[in-house]
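# Architecture and fold: a report
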Amino acid sequence: MITVEERPAGAFENNNQKPTGYGRMLRKEDARFIRGKGRYCDDVQLPGMLHLAILRSPVAHARIVSIDTTAAEAHPKVKAVVTGAMLAEKGLAWMPTLSNDVQAVLATDKVRFQGQEVAFVVAEDRYAARDALELIDVEYDILDPVVDVRTALDPDAPVIRDDLEDKKDNHCFDWETGDAAATEAVFAKADVVVSQDIVYPRVHPAPMETCGSVADYDPVDGKLTLWSTTQAPHAHRTLYALVAGLPEHKIRVISPDVGGGFGGKVPIYPGYVCSIVASLVTGKPVKWMEDRSENLTSTGFARDYIMRGEIAATRDGKILAIRTNVLADHGAFNGVAAPVKYPAGFFGVFTGSYDLEAAYCKMTAVYTNKAPGGVAYACSFRITEAVYLVERIVNCLADELDMDPVELRLKNFIKPEQFPYRTKTGWVYDSGNYEPTMRKAMEIAGYEQLRREQVEKRARGELMGIGVSFFTEAVGAGPRKDMDILGLGMADGCELRVHPTGKAVVRLSVQTQGQGHETTFAQIVAEEIGIPPDDIEVVHGDTDQTPFGLGTYGSRSTPVSGAAAALVARKVRDKARIIASGMLEVSVADLEWEKGSFHVKGDPTKSVTIQDIAMKAHGAGDLPEGVEGGLEAQICYNPENLTYPHGAYICVVDIDPGTAQVKVRRFIAVDDCGTRINPMIIEGQVHGGLTDGVGMALMEMIPFDEGGNCLGGSLMDYLIPTAVEVPDWETGYTVTPSPHHPIGAKGVGESATVGSPPAIVNAVVDALKPFGVRHADMPLTPSRVWDAMRGNPQPPI
Ligand code: MCN
Ligand code: CUN
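Here is what the cut-offs are and how they apply
- Residues numbered from 1 in each chain as written.
- Chains lettered and ligands numbered in written order.
- Predicted model: local features only at pLDDT ≥ 70, side-chain atom pairs only at ≥ 80, totals over all residues.
- Heavy atoms only, no water.
- Helix = DSSP H or I, 4+ residues; strand = E, 2+ residues; numbered from the N terminus.
- Buried < 20%, exposed > 50% of the residue type's maximum accessible area, 1.4 Å probe, protein only.
- Lys, Arg positive; Asp, Glu negative; His and termini not counted.
- Charge placed at Lys NZ, Arg CZ, Asp CG, Glu CD.
- Near = heavy atom within 4 Å.
- Polar contact = N/O pair within 3.5 Å; in protein donor to acceptor, adjacent residues only side chain to side chain.
- Donors = N, O, S within 2.8 Å, 3.2 Å for Na, K, Ca; no water.
- Tetrahedral: all angles 85-135°; square planar, octahedral: opposite > 155°, others 65-115°.
- Disulfide = S-S within 2.5 Å.
- Pairing = 2+ DSSP bridges.
- Axes fitted to C-alpha atoms, helices over the stretch in contact; angles between N-to-C directions.
- Expected span 1.5 Å × (residues − 1).
- Contact = heavy atoms within 4.5 Å.
- Areas by Shrake-Rupley, 256 points an atom, 1.4 Å probe, with all protein chains shown as cover.
- UniProt positions renumbered as here; feature names shortened; annotations may be inferred.
- Parallel < 35°, antiparallel > 145°, perpendicular 65-115°, else oblique.
- Left-handed = near helix turned anticlockwise from the far one by under 90°.
- Nonpolar A, V, L, I, M, F, W, Y, C, P; charged D, E, K, R; others polar.

Helices and strands together make up the secondary structure of the protein, namely 18 helices and 33 strands. Counting only C-alpha atoms and orienting by the principal axes, one finds that the protein spans roughly 80 × 75 × 50 Å. For the protein, buried positions account for 63% of its 797 residues. Put simply, the protein has 78 plus and 107 minus side-chain charges, and the middle of one group is 3 Å from the middle of the other.

Set out below in structure tokens:
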């Protein structure tokens, strides 16, 4: 990998040493992962554990006439067979989703998507459970499916959600933001208006580990322990308390090592609830683990937006307004989109990084007979779609004005002195300094040289394209006054205990799925308190062991929990200072902190280390008056605002004119996530996100046939990128700290997934300019690029 970056000040004491705070440091958790010692949900084995398999609907839309479970029940290894009707008797057939919708745990009346949960079998082993599924006889009365989102609202379209009272059509929700009239007025006076239909196809997070759970209900003490592949253990626990009616303190949710989440493990899936029910019914621990095709066909999908983007500008390239109309496919149930007040997630930041006069968005979300959509997938809650829209439409404008796409962006960026910047849709960007980030990307890319190379290649008939994108994200949901999930405010707790020997344990409410929290959170605490990161244990993913908080998604861990970790460490340091003043017999004001120790001002020889203080705090002997023993603190952090990282991406592609195959030759990513805790982990996050972007731009899409059959149910049909399809990433960075975050850090986990697809598509469209191509939709597979070259770029849906 090629990395262009200076070493941040203070990152290393010297090259051979580990950082005592921020800086490059190998991931602590990797010691167990690379030795095969990770402990995932499927590794949980309990005595007497049974196995659960789910019978799924083979059709997209049908009334359930009857279910006969007799043969399955007679299977010698089967312990229980449960249907929706049986759950309905206990009031458990439906569950609330995290987006204020309801979803069937097991279908009772109708099935609403192919792959929907219809019944489950609990058996002695996984194979018997699967075999017994085939013995269940379900009679379906097939109904017409609603597959095409464009016709879902037609008056004669079958109503999918007739379970909802008064539901007469397939409307999921309507949402608008910005000022329609003001935007119309600006459009009316603009010299240039460009509009473009843009599709963001349905894709799947496809994590390496599928979803699953092990439920263990102990009828004696009434306690339920649930190991589950969740990104948000505390929020899930509260929901289980609400759904199952179990007291919350008797539920323990453990999210062990998670093999990738990417947003797909935020929702509560029926399977989790089924395993709980199964354990309640059998009195035994019960494991449910999806197979790959179940994961690909029935867990949450992402994107699926059909957007019309319109942009108004002056002839000399001042962008005046952006308007968009979106048709959103949410599938049969609205799983999770974002905090409850934001039905369309944070799509509201579709105004991008530009200073506009007006903006307006109207969205119509509909139900279709597909698996629940709207799930977050490395998206910062729909910012992926917003960034794609604005970065494509700005490129279309550059085309129309015959202006260089970088020049157009530079001309319209929000200026550094305008921050905090309130967008025309009401978001307040905390900080940003866009031009240096853009210039850095151009410098790494050798932008001018690339353009010259392109001219030469074009003259020879070669297809080379250069694509640019610039994004601003909104991550770190969010201020609890504005944001909640089912009434739970989006704050996060953190606890820090320093043991007598000076080693520490920090307990988080967020849950890593590969982001390296066990390392970076130790580094945050280390930076504040001077205990080496290796001496700080990070505990997370267990509701019995960690304070309440809403979990990891929307790149919120660093913005919210990271802030909590820094502040809790400062609290401990404040206490340590008082104890140190007693030890050194000076007043608190006469002490100076130098990472890891306090010394008397003017006399560095008189000092005590944090380890000395920890022993003193727990030891015999007097402490300063009013100081309780121990060295620990806890906090619940409620962010003041979101953080707004940004980045400039440049992609270079070559297209084979004979096969229409796109090759990403170079990709330059300059990210600004404020203060950088561990640059190596940040780069890893960026590399992963860029790879995701290549997948979405060039190969990934989950299509459905007319009958509503999912055509992307295996990794043979749903292509995901490998090392072969991606270039050596070239990364760089700038640092614009967040003014309201205690250490100035912004999130970065989703930045590259958000920012890369438009850069790649812009590059492909740029390469196809000689064919008069103005736009082509993802995924830009060879056949779609071939069609584009022949002037026939049809939308993928
Ligand atoms: N980091 C840092 N300095 C910063 C910002 C972040 O060193 N200024 C570090 C963090 O401390 C953390 C990592 O980078 O170790 C990502 O931090 P952050 O941006 O806060 O994101 P989260 O930890 O909240 O992770 C969530 C984000 C999301 S929403 C998706 S989706 C995604 C992603 O992370 N899923 C992932 N990255 C993933 N990476 C892996 N391996 N697996 C997933 O499922
Ligand atoms: Cu948008 S996917 Mo991540 O928020 O878990």
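Ligand 2 sits among Q231, F262, G263, A376, Y377, A378, C379, S380, F381, Y553, G554 and E750. Interatomic distance of 2.8 Å between a side-chain N/O atom of Q231 and an oxygen atom of ligand 2. A distance of 3.1 Å separates an oxygen atom of ligand 2 from a polar atom in the backbone of G263.

Another aspect to go through is the coordination of the copper atom of ligand 2. Taken together, C379 (SG) and E750 (OE) make up the protein donors of the copper atom of ligand 2, found 2.2 to 2.8 Å from the metal. Every donor counted, the four donor atoms about the copper atom of ligand 2 form angles of 64 to 156° at the centre, which fits irregular coordination. A residue pair is termed long-range when its members are at least 10 positions apart, and C379 in the loop between β18 (358-366) and α9 (383-401) and E750 in the loop between β33 (729-733) and α17 (751-767) qualify at 371 residues. No difference in accessibility class separates C379 from E750, as the two residues are buried.

Here we come to the state of the cysteines. Applying the stated criterion to the full structure yields zero disulfides. Cysteine C274 remains unbridged, with the sulfur of C211 as its closest cysteine sulfur at 13 Å. With a relative accessible area of 0%, C274 lands in the buried category. Unpaired in terms of disulfides, C710 finds its nearest cysteine sulfur in C211, a separation of 15 Å. A residue is classified by how much of its surface remains accessible, and C710, at 13% relative accessible area, is buried.

Turning our attention to the sheet that holds strand β17 (residues 319-329). Read across the sheet, five strands follow the order β10-β18-β17-β16-β11 without closing on themselves; strand pairing throughout is mixed. With one partner strand each, in any of the chains shown, β10 (171-178) and β11 (192-203) form the two edges of the open sheet. Strand-to-strand twist in this sheet, taken as the mean axis angle between neighbours without regard to direction, amounts to 10°. Of the pairings in the sheet, the one linking β11 to strand β16 (residues 302-313) comprises 11 bridges and is antiparallel in character. Within β16, the residue paired with V199 across the bridge is I306.

Over its 12 residues, helix α6 (residues 233-244) runs 16 Å from end to end, which matches the ideal 16 Å to within 8%, given 1.5 Å per residue. Counting buried positions along α6 yields 10 of 12 residues, so the element is predominantly enclosed. Elements in contact with the buried residues of α6: β5 (94-96), β13 (223-228), β14 (251-254), α7 (270-282) and β23 (488-489). One or two positions beyond α6, positive phi appears at G245, with a value near 70°.

Moving on, we come to the site of ligand 1. G261, Q515, H517, T558 and V748 are the nearest of the 33 residues found near ligand 1. In this structure, an oxygen atom belonging to ligand 1 sits 2.9 Å away from a side-chain N or O atom of T520. At a separation of 2.5 Å, an oxygen atom of ligand 1 approaches a polar backbone atom of V748. Contact with the protein chains removes 95% of the 830 Å² of surface that ligand 1 exposes when unbound. When residues of the shell around ligand 1 are traced back to their parent elements, those giving at least two are α13 (517-529), α14 (557-584) and α16 (679-698).

We now examine the UniProt feature "domain: Aldehyde oxidase/xanthine dehydrogenase a/b hammerhead" (unreviewed entry) in the protein. UniProt's entry tags residues 35-144 with the feature "domain: Aldehyde oxidase/xanthine dehydrogenase a/b hammerhead" (unreviewed entry), counted in the numbering of this structure. Annotation note: span residues 35-144, helix share 17%, strand share 37%, distance between end C-alpha atoms 51 Å.

This part covers the packing of α9 against helix α10 (residues 405-412). Their axes nearest at 9 Å, the elements α9 and α10 cross at an angle of 110°. Classified by the interaxial angle, the pair formed by α9 and α10 is roughly perpendicular. When the axes of α9 and α10 are compared, the crossing they make is right-handed. The segment α9 lies against α10, with E391, V394, N395, L397, A398 and L401 engaging P405, L408 and R409. Of the residues assigned to the contact of α9 with α10, the class counts are six nonpolar, one polar and two charged.

Here the focus is the packing of α13 against α14. What describes two packed helices is the angle between their axes and the distance between those same axes. For the pair α13 and α14, the least separation of the axes is 8 Å and the interaxial angle reads 35°. For the pair α13 and α14, the sense of crossing is right-handed. Between α13, through H517, F521, I524, V525, E528 and I529, and α14, the contact on the second element is made entirely by S557, S561, G562, A565, A566, A569, R570, V572 and R573. Here the contact of α13 with α14 is built from residues that sort into eight nonpolar, four polar and three charged.

A separate point is the sheet that holds strand β25 (residues 504-508). Pairing in this open sheet of four strands is mixed, and the strands run β26-β25-β24-β30 from one edge to the other. Looking along the sheet, the strands with just one partner apiece sit at the ends: β26 (536-539) and β30 (631-637). Pairwise comparison of adjacent strand axes, ignoring direction, gives a mean angle of 15° for this sheet. Examined bridge by bridge, β25 and β26 share four bridges and lie parallel to one another. Pairing of A504 across the sheet is with I536, part of β26.

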